[in-house]
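Descriptive structure summary
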Amino acid sequence: MNDREKIIRALEPVRASGDMVREVLDMADRKKRNTGRKTGRILAAAAAAAVLLIGTALAVGGLGRDRGLMRMLHLTEETIRQAEEAGILESPAASDTHEGITVEAAQCAVDGDSLMAAFRIEGLELGTGEAPSVDHCRVFIGGTEIGSLGWSFDRGMSWDGSRFVYDDGTPADLGASGEPIPRYVRPNGSVELDLSVAPDGTRELGELPGQEIEVRFYDVCGTEGPWVLRWTLSGSAERLTYAPAAVLGDTGATLTEVVLSPISLKLVYAFPMQTFEEIGLNEYGEQIPVRTLKEPPLPGGVVLRDGTELRDITGGGILGYTGNETEVFTVEMNLSRIIDPAEVTALLLHEVGYGDVPASEMTWYTVQLRD
């Protein structure tokens, strides 16, 4: 099962239309992503893309916020206020200008293990629907370059359940083949670039707050730069650790450790390595048998103290066995919502769904963490 098939499967639970699936695939194909860790598979960007497209369209009414970040984290005015009070969300004072183009760090959500940031870019001249571009980005935290990062430009529209709408509530214009035309440029002439740094297994848990971050952007819409922005991360190092020892049905996996942070999580499983055979395609488009590593049930959401279930909240990160390890499987990823770890009572996990098993028929598991 390749990455595009995984993206399509990830969208099955929300009954996405064919056009929407194509849009998500297009976004995932364009998304820049690097990784500094070679042990473990990089998670597909499907969950983050689905959040960007499926999330409820936000009313414009004077919010004055950075909408890409709001969409990625399902933020409202109330949750923004709560996140700012908790120190998770900040507005850094960092900017740089070259050749009339200014890049400014607008908002940043940080916990101990990952971050998401919105950058406002001014001075670009773009035609209708023309996509802005950044050829390369490098991030240094505490002087060490980070590999597990991704970035994309906010497209200025949301999926309202039946169609794409722009931020002002009007239906999105459609291209010749029916695809929605993005509205990258805001009324004030700026565009928003959203950057995420996911856990990559190389950083100590909780180490981001208090560190200096340096972000470098290269070649913005054909202008070289670089644009260099530096500030000290605040954020929250809060995290809760559980040892549930939960046997996950007949999958052969036991969930042994759960670490929850406001915008990231880590899971550790006792899961002896297993493989299975599925049909793939070679470079000539011919079907061939492929041996694939089986994965344990993966995180799909959380249950809050009041009984609310939050699903489809996982983003980028890593999963797999480390080095020569064949018994312990680890998942580390960021979230597409800000959560209060103390409010989470249970974790929701789902089978991966190999072969022809549709997402609607996958088995879900609820692991109780606290009363």
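In this text, all values refer to a predicted model and were calculated from it rather than measured experimentally. (Residues numbered from 1 in each chain as written. Predicted model: local features only at pLDDT ≥ 70, side-chain atom pairs only at ≥ 80, totals over all residues. Heavy atoms only, no water.)

Comments concerning the pairing of strand 23 (residues 314–321)
Along strand 23, eight of the eight residues are buried, which leaves the element largely enclosed by surrounding structure. Sheet topology places strand 23 next to strand 24 (residues 328–335); six bridges connect them, and they run antiparallel. The residue bridging Gly-320 from the neighbouring strand is Thr-330, located in strand 24. Here strand 23 folds back onto strand 24, and the loop between the two strands holds six residues, one of which, Gly-323, carries a positive phi near 60°. (Buried < 20%, exposed > 50% of the residue type's maximum accessible area, 1.4 Å probe, protein only. Helix = DSSP H or I, 4+ residues; strand = E, 2+ residues; numbered from the N terminus. Pairing = 2+ DSSP bridges.)

Focus: the sheet that holds strand 22 (residues 309–311)
Strand order in the open sheet formed by four strands is 22-21-25-26, with antiparallel pairing between adjacent strands. The sheet is open, and its two borders are formed by strand 22 and strand 26 (364–368), each paired with just one other strand. For this sheet, the mean inter-axis angle between neighbouring strands, taken without regard to orientation, is 25°. Pairing between strand 25 (residues 344–350) and strand 26: five bridges, direction antiparallel. By the bridge assignment, Leu-347 is partnered in strand 26 with Val-367. (Axes fitted to C-alpha atoms, helices over the stretch in contact; angles between N-to-C directions.)

Brief notes about the packing of aromatic side chains
Across all of its chains, the model carries six aromatic pairs by this definition. Judged by centre distance (5.1 Å) and plane angle (90°), the ring pair of Tyr-321 and Phe-329 falls under edge-to-face. By relative accessible area, which is 2% here, Phe-329 ends up buried. Among the aromatic residues, those joined into a cluster by ring pairs are Tyr-269, Phe-271, Tyr-321 and Phe-329. (Phe/Tyr/Trp six-rings, centres within 6.5 Å; stacked < 30°, edge-to-face > 60°.)

What about the environment of Gly-316?
For Gly-316, the location among the structural elements is in strand 23. Between the C-alpha atom of Gly-316 and that of Glu-332, which follows or precedes it by 16 residues, the distance is 8.5 Å.

Describing the sheet that holds strand 8 (residues 144–146)
As summarised here, the arrangement of the four strands in space is 8-7-13-14, forming an open sheet in which the pairing is antiparallel. What marks the edges here is a single partner per strand, and that holds for strand 8 and strand 14 (227–232). Ignoring which end each strand starts from, the neighbouring axes of this sheet average 25° apart. As paired elements, strand 7 (residues 134–141) and strand 13 (residues 212–220) share seven bridges and run antiparallel to each other.

Description of the pattern of salt bridges
What the rule picks out here adds up to 10 salt bridges. The salt bridge partner of Asp-168 is Arg-183, with a shortest N-O separation of 3.2 Å. Residue Asp-168 is found in the loop between strand 11 (164–166) and strand 12 (191–197), and its partner Arg-183 is found in the loop between strand 11 and strand 12; the two are separated by 15 residues along the sequence. Asp-168 sits in the partly exposed class, given a relative accessible area of 47%. (Salt bridge = Lys/Arg side-chain N within 4 Å of Asp/Glu carboxyl O.)

The values are spatial; any link to function lies outside them.
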